[in-house]
Amino acid sequence: MPAQPLRRCSYPNCRNRVKSGRCEEHKPKDTRESSSKRGYDQKWRKYRTEYLKHNPLCVMCLEKGKYTPATVIDHIQPVENGQADPRFWDINNHQPLCRDCHSYKTRIIDKRGYGAKK
Ligand SMILES: [Zn+2]
Ligand SMILES: [Zn+2]
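Cut-offs used in this document
Residues numbered from 1 in each chain as written. Chains lettered and ligands numbered in written order. Predicted model: local features only at pLDDT ≥ 70, side-chain atom pairs only at ≥ 80, totals over all residues. Heavy atoms only, no water. Helix = DSSP H or I, 4+ residues; strand = E, 2+ residues; numbered from the N terminus. Buried < 20%, exposed > 50% of the residue type's maximum accessible area, 1.4 Å probe, protein only. Contact = heavy atoms within 4.5 Å. Areas by Shrake-Rupley, 256 points an atom, 1.4 Å probe, with all protein chains shown as cover. Donors = N, O, S within 2.8 Å, 3.2 Å for Na, K, Ca; no water. Tetrahedral: all angles 85-135°; square planar, octahedral: opposite > 155°, others 65-115°. Pairing = 2+ DSSP bridges. Core = buried A, V, L, I, M, F, W, Y, C linked by side-chain atoms within 4.5 Å. Salt bridge = Lys/Arg side-chain N within 4 Å of Asp/Glu carboxyl O.

Chemist: Mind showing me how you'd approach the overall build of the protein here?
Modeler: When helices and strands are counted, the protein shows 3 helices and 4 strands. Element order for the protein, N to C, with α for helix and β for strand: β-β-α-α-β-β-α. In the protein, buried positions account for 27% of the 118 residues. Residue pairs in contact within the protein that sit at least 24 positions apart in sequence constitute 44% of those at least 6 positions apart. When the accessible surface of the protein is split by element, carbon and sulfur atoms take 51% of a total near 9100 Å².

Chemist: I tried to follow the coordination of the zinc ion (ligand 1) on my own but got confused; where do I start?
Modeler: Reference values for coordination geometry: four tetrahedral donors around a metal ideally subtend 109.5 degrees, six octahedral donors ideally subtend 90 or 180 degrees. Donor atoms from the polypeptide that coordinate the zinc ion (ligand 1) comprise C9 (SG), C14 (SG), C23 (SG) and H26 (ND1), at 1.9 to 2.3 Å from the metal. The site at the zinc ion (ligand 1) holds 4 donor atoms, and with the angles between them running 102 to 116 degrees, its shape is tetrahedral. Ordering the donors of the zinc ion (ligand 1) by residue number gives the pattern C-x4-C-x8-C-x2-H. Judged by relative accessible area, which is 7%, C14 ranks as buried. For C23, a relative accessible area of 4% gives the class buried.

Chemist: What is the right way to read the coordination of the zinc ion (ligand 2) from this model?
Modeler: The protein atoms that coordinate the zinc ion (ligand 2) are C58 (SG), C61 (SG), C98 (SG) and C101 (SG), at distances of 2.2 to 2.3 Å. Around the zinc ion (ligand 2), the 4 donor atoms sit at angles spanning 104 to 117 degrees, and that spread fits a shape best called tetrahedral.

Chemist: Would you mind showing me how to read the pairing of strand β4 (residues 94–97) here?
Modeler: The side chains of a regular strand alternate between the sheet's two faces. Alternating positions in β4 separate into two faces, H94 and P96 on one and Q95 and L97 on the other, with burial throughout. Pairing of strand β3 (residues 72–75) with β4, which is carried by 4 bridges, proceeds in the antiparallel orientation. Residue I73 lies in a different strand from β4, and its bridge partner there is P96.

Chemist: Quick question: what am I supposed to make of the nonpolar core here?
Modeler: Most often, soluble globular proteins have nonpolar side chains that are buried together. In this structure, Y40, W44, Y51, L52, A70, I73, V79 and F88 together form the largest nonpolar core, which totals 8 residues. Apart from the residues within four sequence positions on either side, Y51 is in contact with I73, I91, H94, Q95 and P96.

Chemist: Even after reading the chapter, I still don't get unusual backbone geometry, so can you show me in this structure?
Modeler: Most peptide bonds take the trans form, and the phi angle of most residues other than glycine is negative. For N13, which is not a glycine, the phi torsion comes out positive at approximately 70 degrees. Its place among the elements puts N13 in the loop between β1 (7–8) and β2 (17–18). A relative accessible area of 74% places N13 in the exposed class.

Chemist: Explain the pattern of salt bridges here, please?
Modeler: A complete count under the given rule lists 4 salt bridges for this structure. Measuring nitrogen to oxygen at the nearest pair gives 3.0 Å for the salt bridge that ties R87 to D85.

Shape descriptors only; they carry no functional weight alone.
As structure tokens, then:
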């Protein structure tokens, strides 16, 4: 059978070939730019330090009976526009997580969408 024809990435002036849509670099969902561009700036880092002082343990590990120091503040409901999103600074939308749980959550749980669940 013939190889799948590749097209140009739909990003302006990008010459990468893709099966459809955009190349890895220009995928709209994967804007893993610098973290400050996504809203995690100085103010956030300061807030995080303070927050983790008061919430030092990863809550997902805690559920499993493990005590792991939290290193990140997770947005329970993922925010998409950084600080422009009202949920970004909503303390009820924050939870302390360790790095492992955070990447697990963003990979598995946020992808599924939060919606109905609890
Ligand atoms: Zn591209
Ligand atoms: Zn954890």
